[in-house]
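# Structure assessment
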Amino acid sequence: MPRGTLLLRASVILLLLLAFLDPRLPLKGRVVYLLDFSPSARESVFAAAERLPRDGVYLAFAERVARLPSPTARRLDLGEGTDVRAALAEALRLGADRVVLVSDGLFPPVPSPLPLDAVYVPPRPFVALRLLPPPFPLLGETVGVRVVLEAPLPAEVRLRVEGPGGVWERALWVEGRVALTYTFPLLEEGEVRAEAVGPWGRSEARVEVAPKDRARALVLGDPALARYLEAQGFQVEEGPFRLPLEADLVAVGLGVLDLPEGAPEALRDYLHRGGGLLFTATPKGLFFGGWDRALPEELPLKPLGRQGAALVLVLDTSGSMEGEKLALAVAAALELVRSAAPEDYLGVVVFASGHRVLFPPRPMTDRAKKEAESLLLSLRAGGGTVLGGAFREAVGLLEGVRVARKGILVLTDGLIADPKEPLLALAERGGAEVSAIALGEDADRSFLEELARRGGGRFYRAATARELPRLFLREGQEVFGKEAVEGRFPVEALPHPLTEGFLFPPLSVLLPARAEPWAEVLLKSGERVVLALGERGEGRVAALATDLSRSWRDFEGASAFLGGLARYLVGAGRALALYAYPEGEGVRVVALGRLEAPRLLVGGEETPMVPTGPLRFEARAGGPGVLLDGKRRIPLALPLPGEWTPRDGAATLRAMAEAAGGRLLGLEEVGSLPTRPLPLRPYLLWAALLLFLLERAWEARVSRGTLSQERFG
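A brief look at the structure comes next. Computed from a predicted model, the values in this text were never measured in an experiment. (Residues numbered from 1 in each chain as written. Predicted model: local features only at pLDDT ≥ 70, side-chain atom pairs only at ≥ 80, totals over all residues. Heavy atoms only, no water.)

## A closer look at the packing of helix α10 (residues 421–429) against helix α11 (residues 445–454)
Convention followed: Here, axes are lines fitted to C-alpha atoms. For helices the fit covers the stretch in contact, and angles between N-to-C directions go from 0 to 180 degrees. Helical segments are the DSSP runs of H or I of at least four residues, strand segments are the runs of E of at least two, and each set is numbered from the N terminus. Comment on the angle field: the value is read as roughly parallel under 35 degrees, roughly antiparallel over 145, roughly perpendicular from 65 to 115, and oblique elsewhere. Pairs of residues are marked as contacts when any of their non-hydrogen atoms sit within 4.5 Å. Residues are grouped as follows: Ala, Val, Leu, Ile, Met, Phe, Trp, Tyr, Cys and Pro are nonpolar; Asp, Glu, Lys and Arg are charged; all remaining types, including Gly, are polar.
Running from N to C, α10 and α11 cross one another at 25 degrees; their axes reach a closest spacing of 8 Å. Accordingly, the angle class assigned to the pair α10 and α11 is roughly parallel. Between α10, through Glu421, Leu423, Leu424, Ala425, Ala427 and Glu428, and α11, the contact on the second element is made entirely by Phe447, Glu450, Leu451 and Arg454. Partitioned by chemical class, the residues of the contact of α10 with α11 number six nonpolar, no polar and four charged.

As structure tokens, this is what we get:
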């Protein structure tokens, strides 16, 4: 083996042996010092600057980063925040081998791309003051502005807050974070100002609070209430009634029969799903409108001292009524039965070729209603159309009923077979209001109209049998109705947050009413209840037994009181209320309301909000984002931790240094930073590989030379 080859091989072995021993070369490298010039740290960093080495590269940082000519240079124009990431990125760009971070550590830990040592300096004594408005304030609701005091070091504070809710003054000891809530009703855009004063100095903050949304009210038949609610900031729509009901509040000043078919059921469903309902006693509303009969389980007021009335239905069951006509007439009679109060008397006499008493007039108790329903459902059609006996029977039945108001309702679809003049004369002198319904084109309309005129009642024409249920209800409402009392009625307010601070004037009109056991009385006049409210299903309902257009025209507080009442009714079913609280390094977002599947969209990523209670959802957010729910998109500017958020700064710096292969230094250790050993193993291995390849090339060349000599020698 040639000597050159032996030499190269020996060199390779020597290099591999040295690599195995892993020698290291002491090397100080380039050190970049990062000086924290944020408001909380700059004073302490300025004081420490005299003791820092002069031979390093210095970067000052707050919200921005700038290079300093020396450690004692000052910069006050770098912003009010603390962006450590930007400072580390700039050090990396400058080719640093190592960084030394001098800071108070009042920021979240940040991973370092370079070996890092840290020097802790204490923050200056200070109390930061922030005002955090509600993320989604609604017009008319009571909102809370969070007053957040943060002190990295314990401090004494004199706090003053001023705004629509009046003036607050507090003396506090702040250690860490203290959060208070300043509340007020949001009736218009307002400003809240706060000031914190102490030995450390003064902090000030102010915030504008403007409503993000207004409650929607559908007002049916009560223009006075509509004006009051508009003055309180509601979005008011005055009808018409249409489905689905999408308003936050429905105010009803019309009667059952003034609204489309199915309206009572729709209002009941709306209330039980969480809507707000308010009934007012306009000339067509409340008891006038028959709501105590149409929604007996949902109305908080019932008529007081009602004497009851008596009504006998004289129903045609002749052969021409067979089929749909009789079925719908029976359905209408069933509605009449259900709408009657326990003190009302109801009877039915049927006629064809003859007549019979299906049941005599009797109080419509629950048991009587069930029996009446069973008897009505048993009716069959057949025979002629002889009214006389049935009509005389009805008059006779009513003579024995001791009520002030009595009525007879005659329904037929054909021509009357018996003499008419005796029936007309009996209607005139019989002592009861006589009304009549002509069903279809073949009915004896002229006779029935005259019968109603002579009997002092009402004549109805029904082109089809489908109109009968509403006509029956209209007649029942006329007979069973109750009138209001006019006069001067003093009002007594019972203790309740809605009545506080109001002096209610006397009323000029009042429906005598009592409250249901489940309802809460807010206003009364003697034994009569003026206003009662309660909860049904998931919603709230109230009934006001006076006509607003006549009673409260000169009451200056009417708008504010009715606005508060409306907001209370809306409160149970309001679509959304949002709250956000600083918590750790992020924010806890709380949503209250009937939400489908709320999510938070932050930084392009969606996070589902977790249900934590009835109608309550929560999630944590690390930055501003958007709340998503169905078609709703609500931007959230969240109260993230600030410059003075209390933290264990020394622990933060120690964790960053240890994670980057360094340690937390004392200021006296900075000038004698240890050298950074440079590992030589990689370089030795590369050199060994290079010599090995050179050796192989040398051997190949020697081999080719030997072959040539043998061939030509």
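Moving on from the model shown.
## Quick look at the environment of alanine 657
Among the secondary structure elements, alanine 657 is positioned in helix α15 (residues 649–659). Measuring from C-alpha to C-alpha, the distance between alanine 657 and aspartate 117 comes to 5.2 Å, with 540 residues separating the pair along the chain. Ignoring sequence-local partners within four residues, the contact set of alanine 657 consists of Leu116, Asp117, Ala118, Gly662, Arg663 and Leu664.

## Examining α10
Rules: Buried residues are those whose accessible area, probed at 1.4 Å on protein chains only, stays under 20% of the maximum for their type, while exposed residues exceed 50% and partly exposed ones sit between those limits. Comment: arc refers to directions from the helix axis out to C-beta atoms.
Buried within α10 we find Leu423, Leu424, Leu426 and Ala427. Buried residues of α10 fall within an arc of 160 degrees about the axis and therefore sit on the same side. Turned more than 90 degrees away from the buried face of α10 sit Glu428 and Arg429, all of them exposed. In the segment just after α10, glycine 431 is the residue with positive phi, at about 85 degrees.

## Side note on the pattern of salt bridges
Using the following cut-off: Any carboxyl oxygen of Asp or Glu that lies within 4 Å of a side-chain nitrogen of Lys or Arg is treated as forming a salt bridge with it.
Applying the stated criterion to the full structure yields 37 salt bridges. For glutamate 238, the salt bridge goes to arginine 227, with nearest N and O atoms at 2.5 Å. With a gap of 11 residues between them, glutamate 238 in the loop between β13 (235–237) and β14 (249–252) and arginine 227 in helix α4 (residues 223–231) connect regions that are remote in the sequence. Looking at arginine 227, the relative accessible area reads 38%, which means it is partly exposed. With a closest N to O distance of 3.0 Å, arginine 362 and glutamate 371 form a salt bridge. One salt-bridge network, in which partners are shared between bridges, spans Arg160, Glu162, Glu169, Glu191, Arg193 and Arg206.

## Points about the sheet that holds strand β18 (residues 345–351)
Sheet strands line up and pair through hydrogen bonds in the backbone, either parallel or antiparallel. Test applied: Here, any two strands with at least 2 DSSP bridges between them count as paired.
Taking strand neighbours across the sheet as the criterion, the six strands line up as β19-β18-β17-β20-β21-β22 in an open arrangement whose pairing is mixed. Of all the strands in the sheet, just β19 (355–363) and β22 (456–462) have a single pairing partner and so form its edges. Taken over all neighbouring pairs, the strand axes of this sheet differ in orientation by 10 degrees on average, direction set aside. Here seven bridges tie strand β17 (residues 309–316) to β18, and the two strands are oriented parallel to one another. In the strand pairing of β18, leucine 313 is matched with valine 348. Seen against the sheet, helix α8 (residues 366–376) touches β18 and β19 and runs at an angle of roughly 165 degrees to β19.

## Quick look at the pairing of strand β6 (residues 116–120)
Burial analysis of β6 places four of its five residues in the buried class, which makes it a mostly covered element. One ladder, built from five bridges, connects strand β5 (residues 98–103) with β6; its direction is parallel. Directly across from valine 102, in β6, lies its bridge partner valine 119. One ladder, built from two bridges, connects β6 with strand β38 (residues 664–665); its direction is parallel. When the sheet's bridge partners are listed, valine 119 is paired in β38 with leucine 665.

Such coordinate-based values are descriptive only and should not be taken to indicate function.
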